[in-house]
Amino acid sequence: VQVVESGGGLVQPGGSLRLSCAGSGLTFSRYDMNWYRQAPGKERELVATIGSASGDTNYADSVKGRFTISRDNAKSTVYLQMNSLKPEDTAVYYCNARFLRLNYWGQGTQVTVSS
């Protein structure tokens, strides 16, 4: 089983990025998918979730109205569209796939918001 993130990079404040996370070796549609992030010296925090069946979404207060999580089960991929980025969004972003007791993590992708 693998979950692999892509799409990170350096962006100016106010800019946008779209992260992708591709799953393989798992029945992707069964998994709740989550994006976490971890900034230097801080704990990992949950940013956004999307349910497997309902597709219900939830967001951390700090990103509501700016980030959008979505999924394409046919492509086994989850996305995180990030708009109006702020320097405090700088972190390593991790994809997480969860189903019952199964829990898989990607290696992370760096997002840096700086002028």
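Look up: the structure comes first, before these words.
For the structure given in this document, a descriptive report is provided here. Keep in mind that this is a model prediction, so the values were computed, not measured. (Residues numbered from 1 in each chain as written. Predicted model: local features only at pLDDT ≥ 70, side-chain atom pairs only at ≥ 80, totals over all residues. Heavy atoms only, no water.)

### Things to note about the state of the cysteines
Our working definition: In this description, a disulfide is simply a cysteine sulfur pair whose atoms lie within 2.5 Å. Numbered from the N terminus, helices here are DSSP runs of H or I no shorter than four residues, and strands are runs of E no shorter than two. Relative accessible area decides the class of each residue, using a 1.4 Å probe on protein chains only: under 20% of the type maximum gives buried, over 50% gives exposed, and in between gives partly exposed.
Tallying each qualifying case throughout the model produces one disulfide. Sulfur-sulfur distance for the disulfide between Cys-21 and Cys-95 comes to 2.0 Å. With the S-S dihedral at roughly -80°, the linkage between Cys-21 and Cys-95 falls on the left-handed side. Highlighted residues: Cys-21 in strand 3 (residues 17–24) and Cys-95 in strand 9 (residues 91–99), separated in sequence by 74 residues. On the accessibility criterion, Cys-95 (0% relative accessible area) is buried.

### So, the sheet that holds strand 1 (residues 2–6)
Cut-off, in case you're wondering: Criterion used throughout: strands pair if DSSP finds at least two bridges between them. To obtain each axis, a line is fitted to C-alpha atoms, and for helices this fit is confined to the stretch in contact; angles are then taken between N-to-C directions over 0 to 180 degrees.
Here four strands make up an open sheet; going across it, the order is 1-3-8-7 and the pairing antiparallel. In this open sheet, the two edge strands, each paired with only one partner strand, are strand 1 and strand 7 (67–72). Across the sheet, the mean angle separating the axes of adjacent strands is 15° when strand polarity is ignored. Pairing of strand 7 with strand 8 (residues 77–82) involves six bridges; the strand directions are antiparallel. Bridge pairing in strand 8 places Thr-68 opposite Gln-81.

### Thoughts on unusual backbone geometry
Apart from glycine, the bulk of residues carry a negative phi angle, and the bulk of peptide bonds sit in the trans form. In this structure, Ser-84 takes a positive phi of about 50° despite not being glycine. Looking at the element boundaries, Ser-84 is found in the loop between strand 8 and strand 9. You can call Ser-84 partly exposed: its relative accessible area is 41%. Of note in this structure, Leu-100 is not a glycine but carries a positive phi near 50°. Along the polypeptide, Leu-100 turns up in the loop between strand 9 and strand 10 (102–105). Residue class for Leu-100 comes out exposed when judged on its relative accessible area of 75%.

### Topic: the nonpolar core
Applicable threshold: The nonpolar core is taken to be a set of buried Ala, Val, Leu, Ile, Met, Phe, Trp, Tyr and Cys residues, with the residues joined through side-chain atoms within 4.5 Å. Two residues form a contact once any of their heavy atoms are found within 4.5 Å.
Formed by 28 residues in total, the largest nonpolar core has its most connected members in Met-33, Trp-35, Phe-67, Val-78, Leu-80, Met-82 and Tyr-93. If you list the elements that add at least two residues to this core, you get strand 3, strand 4 (32–38), strand 5 (45–50), strand 7, strand 8, strand 9 and strand 11 (109–113). When residues no more than four places from it in sequence are discounted, the contact partners of Met-82 are Gly-15, Ser-16, Leu-17, Leu-19, Arg-66, Phe-67, Tyr-93 and Val-111.

### A look at the packing of aromatic side chains
Threshold: Two rings belonging to Phe, Tyr or Trp (six-membered ring only in the last case) form a pair when the distance between their centres is within 6.5 Å. Interplanar angles under 30 degrees mark stacking, angles over 60 mark edge-to-face geometry, and anything in between is tilted. By the criterion adopted, a ring carries a charge over it if an Arg CZ or a Lys NZ lies within 6 Å of its centre and within 35 degrees of its normal.
For the structure shown, the criterion picks out three aromatic pairs. Between Tyr-31 and Tyr-104, the aromatic rings sit 6.2 Å apart at their centres with planes inclined by 45°, giving tilted as the arrangement. With Tyr-31 in the loop between strand 3 and strand 4 and Tyr-104 in strand 10, this residue pair connects regions lying 73 residues apart in the sequence. Ring plane angle 55° and centroid distance 4.9 Å describe the contact between Tyr-36 and Trp-105, whose orientation is recorded as tilted. Placement of the pair is Tyr-36 in strand 4 and Trp-105 in strand 10, with a sequence separation of 69 residues. A relative accessible area of 34% places Trp-105 in the partly exposed class. Ring pairing ties together the aromatic residues Tyr-31, Phe-99 and Tyr-104, which thus form one cluster. Against the face of Tyr-94 rests Arg-44, its NZ or CZ located 3.8 Å from the ring centre. Here the guanidinium or amino end of Arg-44 rests over the ring plane of Trp-105, the centre of that ring lying 4.7 Å away.

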